[in-house]
Amino acid sequence: MTLGQEFSTYDVMLGEDRVRLKEAISLIGEINLGATAIGTGINTDFRYSKRAIEILSEESGIFLEGAPNLIEATQDTGAFVQLSGVLKRISTKLSKICNDLRLLSSGPQGGFNEINLPAKAAGSSIMPGKVNPIIPEVVNQIAFEVIGNDVTITLAAEGGQLQLNAFEPIIAHSLFKSIEHLTAGCKTLELNCIRGITANKEVLSNRVKTSAGLATALNPYIGYENACIVAKRSLSENKTVEEIVLELGLMEKEKLHEILRPEILTAPKQ
């Protein structure tokens, strides 16, 4: 696969979560203002709730609407659970992406060394010249916190009894922390890491040429058994797939070059 294909998956992964986040935010806009203690609206004028919400929307610039059932809205903290769950989903994906970046940039001698991350710290305190992937590691840790906050919010939402929930303070505290830290993490990941990533083109090109996995592309032409032989010999003899195929006389050189073109290897056949 190409680096473009690899990084395009990250775009799709996070693009999906933008949609989920908008859905979760829309649920937060439904409020129980005017419900009084448990949702019955006792001691209020019947016009109060609607008018108060209209004014609050105007003053805040945020679209708000009254819940159709104020008693349900008073005891149900499901919207907070939903939003926290989406934040957890985003954090899980971001952390996975950061794991990939750390792995792809590992090296240069003992790792993949396929991409370069911007150097944002002095490096290792014991190994001269070593640059640590500190920005992805920061985002990993934020993700761990958000996932933990989601557990707290879930338990607090479940802990309510009848029409009241005494644990909304910890729900709010955990939710605000998740939003604050995840927002900061996304910004620093973009500014201090993503924008400065470069590809080690020579390393990547050499990997394609020397990969025993190229034998997979030859299955339709030389058969699975011959492809197995080629792959095993390529590994054991430290030769390229192309060299082994030509030695065994399994294909003509021109045809082999056409099949093993990188742009052909990364897409279905016409």
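## Topic: the nonpolar core
In terms of nonpolar packing, the biggest core is built from 27 residues, with Leu 101, Ile 115, Leu 182, Leu 189 and Cys 193 touching the most fellow members. Top contributing element to this core by residue count: helix α4 (residues 78-104), with nine residues. Among all residues touching Leu 101, those that are not within four sequence positions of it are Phe 7, Ile 115, Leu 117, Cys 193, Ile 194 and Ile 197. Membership of the second largest hydrophobic core comes to 14 residues, among which are Leu 214, Ala 215, Ile 222 and Ala 227.

## Re the packing of helix α5 (residues 134-158) against helix α6 (residues 168-192)
At a minimum axis separation of 9 Å, α5 and α6 run at an interaxial angle of 160°. On the basis of the axis angle, α5 is roughly antiparallel to α6. The handedness of the crossing between α5 and α6 is left-handed. For the pair α5 and α6, the contacting residues are Ile 135, Val 139, Ile 142, Glu 145, Val 146, Asn 149, Thr 152, Ile 153, Ala 156 and Ala 157 in the first and Ile 170, Ile 171, Ser 174, Leu 175, Lys 177, Ser 178, His 181, Leu 182, Gly 185, Thr 188, Leu 189 and Asn 192 in the second.

## What about the packing of α4 against α6?
α6 packs onto α4 with a crossing angle of 30° between their chain directions and a minimal axis gap of 11 Å. When the axes of α4 and α6 are compared, the pair comes out roughly parallel. As for how α4 packs across α6, the hand of that crossing is left-handed. Across from Phe 80, Leu 83, Ser 84, Leu 87, Ile 90, Ser 91, Leu 94 and Cys 98 in α4, the residues of α6 making contact are Ile 171, Leu 175, Ser 178, Ile 179, Leu 182, Cys 186 and Leu 189. Classifying every residue of the contact of α4 with α6 gives twelve nonpolar, three polar and no charged.

## Observations concerning the pattern of salt bridges
Here the structure, examined in full by the defined rule, presents 17 salt bridges. With its nearest N and O atoms 3.1 Å apart, the salt bridge here joins Glu 54 to Arg 51. Taken together, the positions of Glu 54 and Arg 51, both in helix α2 (residues 48-60) and three residues apart, correspond to about one turn of that helix. The partly exposed category is assigned to Arg 51, whose relative accessible area is 44%. Linking Lys 239 and Glu 247 is a salt bridge whose minimum nitrogen-to-oxygen distance equals 2.8 Å. According to the relative accessible area criterion, Lys 239 is partly exposed, its value standing at 29%. Residue class for Glu 247 comes out partly exposed when judged on its relative accessible area of 44%. Through salt bridges with shared partners, a single network forms among Glu 16, Asp 17, Arg 89 and Lys 93.

## With respect to helix α10 (residues 241-248)
Among all positions of α10, only Val 241, Ile 244 and Val 245 are buried. Taken down its axis, α10 places every buried residue within 100° of arc, on the same side. Looking at the buried residues of α10, the elements they touch are α9 (224-237) and α11 (253-259). Where α10 terminates, the next one or two residues include Gly 249, which has phi positive at roughly 65°.

Rules and cut-offs
Residues numbered from 1 in each chain as written. Predicted model: local features only at pLDDT ≥ 70, side-chain atom pairs only at ≥ 80, totals over all residues. Heavy atoms only, no water. Core = buried A, V, L, I, M, F, W, Y, C linked by side-chain atoms within 4.5 Å. Buried < 20%, exposed > 50% of the residue type's maximum accessible area, 1.4 Å probe, protein only. Helix = DSSP H or I, 4+ residues; strand = E, 2+ residues; numbered from the N terminus. Contact = heavy atoms within 4.5 Å. Axes fitted to C-alpha atoms, helices over the stretch in contact; angles between N-to-C directions. Parallel < 35°, antiparallel > 145°, perpendicular 65-115°, else oblique. Left-handed = near helix turned anticlockwise from the far one by under 90°. Nonpolar A, V, L, I, M, F, W, Y, C, P; charged D, E, K, R; others polar. Salt bridge = Lys/Arg side-chain N within 4 Å of Asp/Glu carboxyl O. Arc of directions from axis to C-beta.

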